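Listed below are the residues making up each chain.
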Amino acid sequence: MKKEKFEGYSYVEGGVCAAAGYTANGVNCGLNPDPNKNDLCLVYSERKCNAAAVYTTNKVKGAPILVTRQNLEANGGQAQAVVANSKNANTCNANGVEIAEGTCRLAADALGLKPEDVIVASTGVIGQPMSLEPFANSMQRLAQGLCPEGHAKAANAIMTTDTVPKEVAVEFLLGGKTCRLGGMAKGSGMIHPNMATTLNFITSDVAISSAMIEKALQDVVKITYNCLSIDGDTSTNDMVSVMANGLAGNSEIVSEGADYEVFKQALYIVMSNMTKMLASDGEGATKLLECSVSKAPDLDTAVAVAKSVIGSTLLKCAMYGEDANWGRILCAIGYADAQFDIDKVDVDLASDVGRIAVCRSGAGVAFSEAEAAEILKEDDIYIHVCLNQGEACAKAWGCDMTYDYVKINGDYRS
């Protein structure tokens, strides 16, 4: 997957530890029977951060979401650490809140913080009994191993069926000060637009108020994570959190303006790249799918159409089979929850080897099936939809649907 270039921003290494003042670590605490796979991570800021988060809209919510929301509200939108585990979602457990609160307390004790300073998250199997014992036995070791190079161990610890870790960070200037913003994400299945989408933790050294972080996060999530679909299932534990500790030394951003836009763009770059990483690593996936909608009447229409196309299971199957069955694209456009004239719609299919028109003004056009097949052989497939009814545009991301997706989810608990 290629990273898109943005003027004034450069990609750097370090993930959640790229910004000043952050350390991280990951260990195996025994939740995962494979001792070589980390299952518990900690991210820590040397200074208290302004913070914000968004959560799943699923009515069934993991206990960590309830506790994180409670902590951020009690702490005036501030946090100083993240503790997260994989393998067990801590969802639909009678003692789930007790476990999540206990995990925060253990992390806080190890770091010299208050429990409400901690963001807690879990991912894995739903409805599995959980104990504090693995966390209690490992928290001191986890905290003692915190270091700026620990971002990779932390990113590994939140992986479930992911095949690769997902980290992105950028560097940029604000008021002459060098700033950084970076993050890590996990997710491969049970992913569908309806915020959030996965577990995502983002850190920055920018000085910015919690209210402005919240505003930027709400705006950016709408056009990144909320435009991602792997399989049509919205998870119970989805969360995106952003922490900013102000160590870059810029003048604090407390209102909209030029500095706010620079921060928001950095957030977009990191979140959009992680969204594409999540899409390309969908369970069993062989292809990354990107749908770009242009000339829409408004942003909401553009987003709705792009998400509808990417969410189509039939289209996902066609892309796996490298079949230019453009009728499935038109079908998905047609049931999008938006108002527009389908008779003005154009569709192209593209990849790095070329681009081919398959539909004009809502009707099929003659095209070479052989040329289309060559285009669809590539790993990254681009679906271009032009509504020809305005100036708004949006993108959505997903992957193909393969036999391996069924195999993975047929025995997920094992």
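Residues numbered from 1 in each chain as written. Predicted model: local features only at pLDDT ≥ 70, side-chain atom pairs only at ≥ 80, totals over all residues. Heavy atoms only, no water.

Peer 1: Quick rundown of the overall build of the chain? Include the residues and the values.
Peer 2: Check the secondary structure of the chain and you find eleven helices and 16 strands. Relative to the compact-globule value of 22 Å for 414 residues, the chain shows a C-alpha radius of gyration of 21 Å, a close match. The principal-axis extent of the C-alpha atoms belonging to the chain is close to 70 × 50 × 35 Å. Counting only residues that meet the buried cut, the chain has 58% of its 414 residues in that class. In the form shown here, the chain has an accessible surface area of approximately 16000 Å², with 48% of it arising from carbon and sulfur atoms. A distance of 2 Å separates the average location of the 34 positive side-chain charges in the chain from that of its 50 negative side-chain charges. (Helix = DSSP H or I, 4+ residues; strand = E, 2+ residues; numbered from the N terminus. Rg over C-alpha atoms; globule rule 2.2 N^0.38 Å. Buried < 20%, exposed > 50% of the residue type's maximum accessible area, 1.4 Å probe, protein only. Areas by Shrake-Rupley, 256 points an atom, 1.4 Å probe, with all protein chains shown as cover. Lys, Arg positive; Asp, Glu negative; His and termini not counted. Charge placed at Lys NZ, Arg CZ, Asp CG, Glu CD.)

Peer 1: Describe in detail the sheet that holds strand 12 (residues 346-351), supporting the description with residues and values.
Peer 2: In sheet architecture, strand pairing relies on hydrogen bonds along the backbone and comes in two forms, parallel and antiparallel. Strand order in the open sheet made by the seven strands is 9-16-11-15-12-13-14, with mixed pairing throughout. Each having just a single partner strand, strand 9 (228-229) and strand 14 (363-364) make up the two edges of the open sheet. When strand 13 (residues 354-360) meets strand 14, the two strands line up antiparallel, connected through two bridges. Within strand 14, the position partnered with Arg360 by the bridge is Ala363. Where helix 6 (residues 258-280) meets the sheet, it contacts strand 9, strand 11 (288-296) and strand 16 (392-399), and its direction lies at approximately 35° from that of strand 16. Packing of helix 9 (residues 326-334) onto the sheet brings it into contact with strand 12, strand 13, strand 14 and strand 15 (380-386), and relative to strand 12 it is tilted by some 125°. (Pairing = 2+ DSSP bridges. Contact = heavy atoms within 4.5 Å. Axes fitted to C-alpha atoms, helices over the stretch in contact; angles between N-to-C directions.)

Peer 1: Hey, could you go over unusual backbone geometry for me, with residue numbers and the actual values?
Peer 2: What is expected of a backbone is that most residues other than glycine have negative phi and most peptide bonds are trans. Even without glycine at this site, Cys92 takes up a positive phi of about 65°. Counting through the fold element by element, Cys92 comes out in the loop between strand 4 (78-85) and helix 2 (96-111). A relative accessible area of 56% places Cys92 in the exposed class. Here Asn388, not a glycine, exhibits a phi torsion of approximately 55°, which is positive. With respect to the secondary-structure elements, Asn388 resides in the loop between strand 15 and strand 16. Accessibility expressed as a relative area gives 31% for Asn388, which makes it partly exposed.

Peer 1: So, the packing of aromatic side chains: which residues are in play, and what are the values?
Peer 2: Using the criterion set out here, one finds two aromatic pairs in the structure. Residues Phe6 and Tyr268 carry aromatic rings whose centres are separated by 6.2 Å and whose planes lie at 80° to one another, so their mutual orientation is edge-to-face. With Phe6 in the segment before strand 1 (10-11) and Tyr268 in helix 6, this pair connects stretches of sequence that are 262 residues apart. Phe6 sits in the buried class, given a relative accessible area of 15%. Centre to centre, the rings of Tyr9 and Phe172 are 5.6 Å apart; their planes meet at 40°, and the pair counts as tilted. Of the two residues, Tyr9 sits in the segment before strand 1 while Phe172 sits in strand 6 (residues 166-174), which places them 163 residues apart along the sequence. (Phe/Tyr/Trp six-rings, centres within 6.5 Å; stacked < 30°, edge-to-face > 60°.)

Peer 1: Requested: an account of the side chain of Asn88, with residues and values cited.
Peer 2: Looking at the element boundaries, Asn88 is found in the loop between strand 4 and helix 2. In this structure Asn88 comes out as buried when scored by relative accessible area, which is 6%.

Peer 1: Could you give me a rundown of the pairing of strand 4, with the residues and numbers involved?
Peer 2: In terms of burial, strand 4 is a largely internal element, seven of the eight residues being buried. Here strand 4 pairs with strand 5 (residues 118-122) via five bridges, running parallel. Its bridge partner being in strand 5, Asn85 is matched across the sheet by Ser122. For the handedness criterion, the β-α-β arrangement of strand 4, helix 2 and strand 5 is classed as right-handed. (Right-handed = clockwise from strand over helix to strand, strands pointing away.)

Peer 1: Let's hear about the side chain of His151: which residues, and what values?
Peer 2: Tracing the backbone shows His151 in helix 4 (residues 151-157). Its relative accessible area of 17% is what places His151 among the buried residues. A distance of 2.7 Å separates the side chain of His151 from the side chain of Glu167, its partner in a polar contact. If near-sequence neighbours (up to four positions away) are discounted, His151 is found in contact with Gly14, Gly15, Val16, Cys17, Ala24 and Glu167. (Polar contact = N/O pair within 3.5 Å; in protein donor to acceptor, adjacent residues only side chain to side chain.)

Peer 1: Got a sec to walk through the pattern of salt bridges? Specific residues and values, please.
Peer 2: This structure, assessed with the given rule, holds eleven salt bridges. In this structure, Glu171 and Arg180 form a salt bridge, with 2.8 Å as the shortest nitrogen-oxygen distance. A relative accessible area of 24% means that Glu171 is categorised as partly exposed. The network of salt bridges with shared partners includes Lys215, Asp219, Glu256 and Lys264. (Salt bridge = Lys/Arg side-chain N within 4 Å of Asp/Glu carboxyl O.)

Peer 1: For the nonpolar core, give the residues involved together with the corresponding values.
Peer 2: Judged by nonpolar contacts, the single largest core of 81 residues is most densely connected at Val347 and Val385. If one sorts the elements of this core by residue count, helix 6 sits on top with twelve residues. Setting aside residues no more than four positions away along its own chain, Val385 makes contact with Cys291, Ser292, Val293, Ser294, Val305, Ile329, Ile333, Val345, Asp346 and Val347. In terms of nonpolar packing, the next biggest core, distinct from the first, is built from 27 residues, Ala19, Leu72, Ala84 and Met184 among them. (Core = buried A, V, L, I, M, F, W, Y, C linked by side-chain atoms within 4.5 Å.)

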